4 protein chains.
Amino acid sequence: MNIAIIGYGYWGPNLVRNFSAVANCKVKYVIDARTERLETVKKAYPNIEVNVLADLAMADTSVDALVIATPVFAHYALAKQALSSGKHVLIEKPMTATVAEAEELIELAKRNNLLLMVDHTFLYTGAIKKMKELIDANDLGGIQYFDSTRINLGLFQPDVNVLWDLAPHDISILLYLINSKPYSVNATGISHTNNGIENIAYLTVNYTNGFIAHFSCSWTSPVKLRTLLVGGDKKMVVFNDLEPSEKIRVYDTGYNFRTDEEKKRLLVDYRTGDVFIPKLEMKEALLGMANDFITCIQTKGVPVSNAELGLEVIKILEAAQQSIKQNGKEIKL
Amino acid sequence: MNIAIIGYGYWGPNLVRNFSAVANCKVKYVIDARTERLETVKKAYPNIEVNVLADLAMADTSVDALVIATPVFAHYALAKQALSSGKHVLIEKPMTATVAEAEELIELAKRNNLLLMVDHTFLYTGAIKKMKELIDANDLGGIQYFDSTRINLGLFQPDVNVLWDLAPHDISILLYLINSKPYSVNATGISHTNNGIENIAYLTVNYTNGFIAHFSCSWTSPVKLRTLLVGGDKKMVVFNDLEPSEKIRVYDTGYNFRTDEEKKRLLVDYRTGDVFIPKLEMKEALLGMANDFITCIQTKGVPVSNAELGLEVIKILEAAQQSIKQNGKEIKL
Amino acid sequence: MNIAIIGYGYWGPNLVRNFSAVANCKVKYVIDARTERLETVKKAYPNIEVNVLADLAMADTSVDALVIATPVFAHYALAKQALSSGKHVLIEKPMTATVAEAEELIELAKRNNLLLMVDHTFLYTGAIKKMKELIDANDLGGIQYFDSTRINLGLFQPDVNVLWDLAPHDISILLYLINSKPYSVNATGISHTNNGIENIAYLTVNYTNGFIAHFSCSWTSPVKLRTLLVGGDKKMVVFNDLEPSEKIRVYDTGYNFRTDEEKKRLLVDYRTGDVFIPKLEMKEALLGMANDFITCIQTKGVPVSNAELGLEVIKILEAAQQSIKQNGKEIKL
Amino acid sequence: MNIAIIGYGYWGPNLVRNFSAVANCKVKYVIDARTERLETVKKAYPNIEVNVLADLAMADTSVDALVIATPVFAHYALAKQALSSGKHVLIEKPMTATVAEAEELIELAKRNNLLLMVDHTFLYTGAIKKMKELIDANDLGGIQYFDSTRINLGLFQPDVNVLWDLAPHDISILLYLINSKPYSVNATGISHTNNGIENIAYLTVNYTNGFIAHFSCSWTSPVKLRTLLVGGDKKMVVFNDLEPSEKIRVYDTGYNFRTDEEKKRLLVDYRTGDVFIPKLEMKEALLGMANDFITCIQTKGVPVSNAELGLEVIKILEAAQQSIKQNGKEIKL
């Protein structure tokens, strides 16, 4: 199977390296508008063809699939062209700049019987796989909340706010881990530059079944935090992505309550117990993602990080943006 | 000066111990409806008079001031009675259950020429004093954000939600550190018990001048966090109250931006530098608060933790509750 | 049962409080040469008799046992007098200033059919009990090393060096956890004051069976560390006493080796796995110690922290001092 | 300037990459006995000549310098051949297997007017440079102790013990930071394999002037620690190499003492103050080392990590080994 990778920026070298390691997969083209980036490709991979335009790769019938790793605004047009040219498509997160674009691409892929997939790499990490396993085995009990913090002194993006930049990771994790449907969002935020692009933002995703998710994102924190809490009514999990090996901690912590009907009072029993730090699979997540893409093309399977999940991420981001611009108003999904 | 302390629960012993250590101040009465609590007082302080009712202390003309440390719902009635009886009054945080009550008490104190004060103890800690000092000296530059996390496996309160229970600490710190007026609030939250009292809640306090404050509170976290970030355009500070001695870290971290007019692009320079951990004053905060109360009675001064600040806290809490009940709608202050 | 406590310094109040909480035990006397210390006792415990001399308590036939909490140099004489007067004796660690004194006291107690015990409180903590449990259940496999670090900016003692001050805790833990007999010691150290009393010292305790123990002690570290590593050939444990609740971490970490006879090469397989943080018993250790003392008097049992263990601690300390003074020479035990 | 690199194991790729980045320096040869390693070189650097034997490079008059990155036992013979062939030589740490070998090489280099240097990379890190700067500026006052811990679950080396494997880093730092001459060593350790090679070892380096250094090394710890404490009589520094950015902490911590002549008592004043975390230079240390080597060849200068320092490291290691084998006996240097 031959693939072409469009966009050779920060993430591009990782994509080339990992797709080159997938069995039966060959990176035939790398496309980037910047010739100096193409030089870098040539030096490291003399056998890969490079080009400043995608047209050749789109037209090459030996190319089975395109990987789109450009800035977000270019995702839709490139993916549309590729799907129309009969290529399977993998898009870097976030999938598109609007819900409408994402929906159109999904429709087009279905019509043309092609695989469309979004690269939410985190879903292939040992940590998130372990959390999924714990939740699916009901080890945590009924899940009650999801609380994510992703802050640091980060690169201000010129076109999208901090939620579009940082939250897709955690939103995709939320959607992957939690089966129920989100109902609405509220978001607040602030821009400290003069371009109206928020560098700090807070997002609540509401559900109708007693579950809540919250996201805190910032490009202007002096400390770097990458923390996720998931609480069930039996156990709770903390995922700290900055820990080199002990990323997941499972707390045998919880409470039970009952109502004393006579005294009309809530009675709560608290429980704290052992903490368990499972050893995690250490394989590179991006390789797992690349394998999932190639395998699902061959087997017509549904990848873990599928386009429908990618679309849900965009729905939440788009609604969050509306909420911020309307002073935190609840936006139904 | 003689004082009476009403309420001898969790905080009562600390109040008795510290007021006993203030020069020229004598704890004459301790009042509590529970006789077993009064036994404890008698054993530790044989010279203090105890009573199940406050009436005697209210009527005793040798009593100059009352300290009210009962559950919140009783604050207003007791404070009103005390102020009407010509006593100065200190109330534990939060001041009252409603804004209207707090405003009435402030009015009454003014009319009767008495000191009314609220015990927001954190304002007397070495850590918050140091932060105030840094901000007032303009070491941090213009303050841009305030972000507080206060979560743990905590006691579910029977009458107030997690914001009323945990946020008063950080809201009082916000009001003390930041001079500008908050404009509105948005809040979201969830109750996992069947009584409609939120055990997880998120609060954004909005300002009109490019500053934002956010609070994250939970009684259902497996980990305990007590963290506050304050970011200025010159430096940023992290306050971690769980650190035994290194509670405050000052980061020489920031960024500058300008707009490239030709390319319509934002250009950002990032800066990370030294970190400084100042040695903090280690005196007990509650003693500082007790001294402030007694001194301000004598000098007719304005205490750091004054009633107007206490009222602002209640305004934010009341608005937050409205916002939660209206699905995160912005509530103007 | 009536007891007298001799010495009301730093540790004295804890002893009085805990022995007062033991069933069927009454603290009848507190003795201290400093009258201002006795004032403190009278205020807190009006029913306890106080005295600057121990003679009255020694002579009082209603007193069953003496607890000696004076500086080390006074332990021997007081314990000897008490045992000769027919009293059971508990001595604070370290037991005595010399091995000879400790042996004499043990002999005397045996002859007079009295209980002699040393207070190595750590043996009654939830953390050390858990470690003992893990080792006795063979969860760690064969124990291979013990490595203790106990450093901070500490009070320079006027009469004993840093090993006598800090190491008794960890040496008692070593002797409690490990069944085999130590063979010899090597120690090095330095005095930065002009009195020849080491403020930094390092101690190796050698065994003949492939086990080694090492202790690092300092009064002149800018950071406080209280860490103990115990490694078995199946699992390893880290005890960090500064962690508020997660004091014990059990690592499923280890290695297996075999020798490739042909190539004369060592082949090693490494294994890292889950980490487990057991919930520990949170009862006050000193109360457990006090109960053990009183119970063993009544039942003629052998306490966990018995005099023979206390003597072994002194043997190691005395040998360590000899080794330091002879430039680290091995001293056989 | 042309160089040849002999040995392309774990460290080899880093050497090739960094020497390739030095101005006016070309890596002409890479030598390794394993053809599969040479394949790797060819793929990454098609222009570098590769060979299983060093003879060609030794004979090539266009080659100015050799970098020796083989196992330790081969260092001496290769360096001798290179120096005899008129090449400058850089040897990976530890310099040689014996003091005699190191001394002979130094002598030979001097005679042939060639640069002989040892790669103690740590001396070129931002952290150690900052410590050197603090010490040279007398910010710490008179240095009193040096305490290093370097433990983890590490690769058992087949030919050298844990001190020879791990301690050279910290011994080179000691020698670089501290100007005075060590006087003697004591070392203890244990082998848990059946080959007599210690996997845990403790080393004290004694000085005659009131300074002491201690090293704790292990291949069998479940936790990884890389900590160095350096205490002066004014301030103390902690270097934690596992911290991603805050590697150095300067504590304004100390004590003063005087002797009360009348009471023959030591009086000590303790001081704890601010902590300062300096921002460190982030350049790759190995590049600094490579530059130092090339520059000193050109300028006939003395590199920071010079052969005399490398020899002193070997002297300490050799003495340590003797001490371990003689049960911790003091070995004079």
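Everything quoted here is computed from the prediction, not taken from an experiment.

Draft legend 1. Examining the overall build of chain A more closely. Broken down by element type, chain A carries 9 helices and 17 strands. Whereas a compact globule of 333 residues would reach a radius of gyration of roughly 20 Å, chain A reaches 21 Å, a difference of no more than 12%. For the C-alpha atoms alone, the extent of chain A along its principal axes is close to 75 × 45 × 40 Å. Counting every position in chain A, which comprises 333 residues, the buried fraction comes to 51%. For chain A, long-range pairs separated by at least 24 residues make up 65% of all intrachain contacts whose partners lie at least 6 apart in sequence.

Draft legend 2. Expanded view of the relation of the copies chain B and chain A. Expressed as a screw transformation, the operator carrying chain B onto chain A has a rotation angle of 180° and an axial translation of 0.0 Å, and the superposed copies differ by an RMSD of 0.0 Å. Within this description, the copies of the chain are treated as partners about a two-fold rotation axis. No C-alpha of chain B approaches the rotation axis more nearly than that of Lys-329 of chain B, which lies at 2.6 Å. Interface residue correspondence from chain B to chain A reaches 100%, placing this contact among same-surface, isologous pairings.

Draft legend 3. Structural view of the interface of chain D and chain C. Every contact between the two is made by 39 residues of chain D and, on the other side, 39 residues of chain C. Elements with a minimum of two residues in the side of chain D that touches chain C: strand 7 (143–153), strand 8 (184–190), strand 9 (200–206), strand 10 (212–218), strand 11 (220–232), strand 12 (236–240), strand 14 (254–260) and strand 15 (265–271) of chain D. It is strand 11 of chain D that provides the largest number of residues to the side of chain D that touches chain C, a total of 6 residues. Taken together, the residues of the side of chain D that touches chain C break down into 18 nonpolar, 18 polar and 3 charged.

Draft legend 4. Main features of the arrangement of the chains. No interface is formed between chain B and chain C, the nearest pair of C-alpha atoms being 8 Å apart. Chain D makes no contact with chain A, the minimum C-alpha separation between the two being 7 Å.

Draft legend 5. Expanded view of helix 9 (residues 307–325) of chain D. Residues and elements named next belong to chain D. In this model helix 9 runs 27 Å from its N-terminal to its C-terminal C-alpha over 19 residues, within 8% of the 27 Å that 1.5 Å per residue would give. Where burial is concerned, most of helix 9 is hidden: 15 out of the 19 residues are buried. Once helix 9 ends, the next one or two residues include Asn-327, with phi positive near 60°.

Draft legend 6. Molecular detail of the sheet that holds strand 6 (residues 116–119) of chain A. Residue and element names in this part refer to chain A. The strand order 3-2-1-4-5-6 describes an open sheet built from 6 strands, whose pairing is parallel. Each of the sheet's edge strands pairs with one partner strand only, and the pair in question is strand 3 (49–51) and strand 6. Averaged over neighbouring strand pairs, the angle between their axes works out to 20° when direction is ignored. As paired elements, strand 2 (residues 26–31) and strand 3 share 3 bridges and run parallel to each other. Across the sheet, Tyr-29 pairs through a bridge with Glu-49, a residue of strand 3.

Draft legend 7. Broad picture of the packing of helix 6 (residues 126–136) of chain C against helix 7 (residues 162–177) of chain C. Residue and element names in this part refer to chain C. Packing of helix 6 against helix 7 brings their axes to within 10 Å, and their N-to-C directions diverge by 30°. Comparing their axes, helix 7 and helix 6 come out roughly parallel. Between helix 6 and helix 7 the crossing geometry is right-handed. Mapping the contact onto sequence places Ile-128, Met-131, Lys-132 and Ile-135 in helix 6 and Ile-173, Tyr-176 and Leu-177 in helix 7.

Draft legend 8. Spotlight on helix 6 (residues 126–136) of chain A. Residue and element names in this part refer to chain A. Within the span of helix 6, buried status applies to Ala-127, Ile-128, Lys-129, Met-131 and Leu-134. For helix 6, the elements touching its buried residues are helix 7 (162–177), strand 11 (220–232), strand 12 (236–240) and strand 13 (248–251). With its phi angle positive at about 65°, Asn-138 sits one or two positions after the end of helix 6.

Draft legend 9. Broad picture of the sheet that holds strand 4 (residues 63–68) of chain D. Residue and element names in this part refer to chain D. One open sheet holds the 6 strands; their spatial order is 3-2-1-4-5-6, and the pairing between them is parallel. If you trace the sheet from one side to the other, it starts and ends with strand 3 (49–51) and strand 6 (116–119), each paired once. In this sheet, adjacent strand axes meet at a mean angle of 20° when their direction is disregarded. For strand 1 (residues 2–6) and strand 2 (residues 26–31), the ladder comprises 5 bridges, and the chain directions are parallel. Counted as the bridge partner of Ile-5 is Val-30 from strand 2.

Draft legend 10. How the structure looks around the confidence of the model for chain A. Summing up the model confidence of chain A, the mean pLDDT is 95 and the portion of residues at 70 or higher is 100%. The ipTM assigned to the predicted complex is 0.93, against a pTM of 0.93.

Draft legend 11. Spatial organisation of the environment of Ile-277 of chain A. Structurally, Ile-277 of chain A can be placed in strand 16 (residues 275–277). The spatial distance from the C-alpha of Ile-277 of chain A to the C-alpha of Pro-244 of chain A is 13 Å, given a sequence separation of 33 residues. Discounting residues that sit within four places of it in the chain, Ile-277 of chain A has contacts with Glu-246, Ile-248 and Arg-249 of chain A together with Asp-274 and Val-275 of chain C.

Thresholds applied
- Sequence order sets the numbering: in each chain, residues are counted from 1 along the sequence as written.
- Each chain is given a letter, starting from A, and each ligand a number, starting from 1, according to the order in which they appear as written.
- Only residues with pLDDT of at least 70 get local features here, since the model is predicted, and only at 80 or more are side-chain atom pairs given and counted; chain-wide, interface and lining totals rely on the full set of residues.
- For the purposes of this entry, the term helix denotes a DSSP run of H or I that reaches at least four residues, the term strand denotes a run of E that reaches at least two, and both are numbered from the N terminus.
- Radius of gyration here is computed from C-alpha atoms only, and the compact-globule reference equals 2.2 Å multiplied by the residue count raised to the power 0.38.
- Residue burial here comes from a neighbour count, namely the number of other C-beta atoms, placed from the backbone, that lie within 10 Å of the residue's own C-beta, with 20 or more meaning buried, 12 or fewer meaning exposed, and in between meaning partly exposed.
- Contacts are defined on C-beta atoms placed from the backbone: any two residues whose C-beta positions lie within 7 Å are in contact.
- The fit set for superposing copies consists of C-alpha atoms from residues with pLDDT of at least 70 in both; the fit itself is least squares.
- Under the scheme applied here, ten amino acids are nonpolar (Ala, Val, Leu, Ile, Met, Phe, Trp, Tyr, Cys and Pro), four are charged (Asp, Glu, Lys and Arg), and all others, including Gly, are polar.
- Every helix has an expected span of 1.5 Å times one less than the residues it contains.
- Any two strands with at least two DSSP bridges between them are considered paired.
- Interaxial angles span 0 to 180 degrees and are taken between N-to-C directions of axes, which are lines fitted to C-alpha atoms, for helices over the stretch in contact.
- Angle categories: roughly parallel below 35 degrees, roughly antiparallel above 145, roughly perpendicular from 65 to 115, and oblique for all the rest.
- Take the far helix as the reference: if the near one is turned anticlockwise from it by less than a right angle, the crossing is left-handed, and if turned clockwise, right-handed.
- pLDDT measures the predictor's confidence residue by residue and takes values from 0 up to 100.

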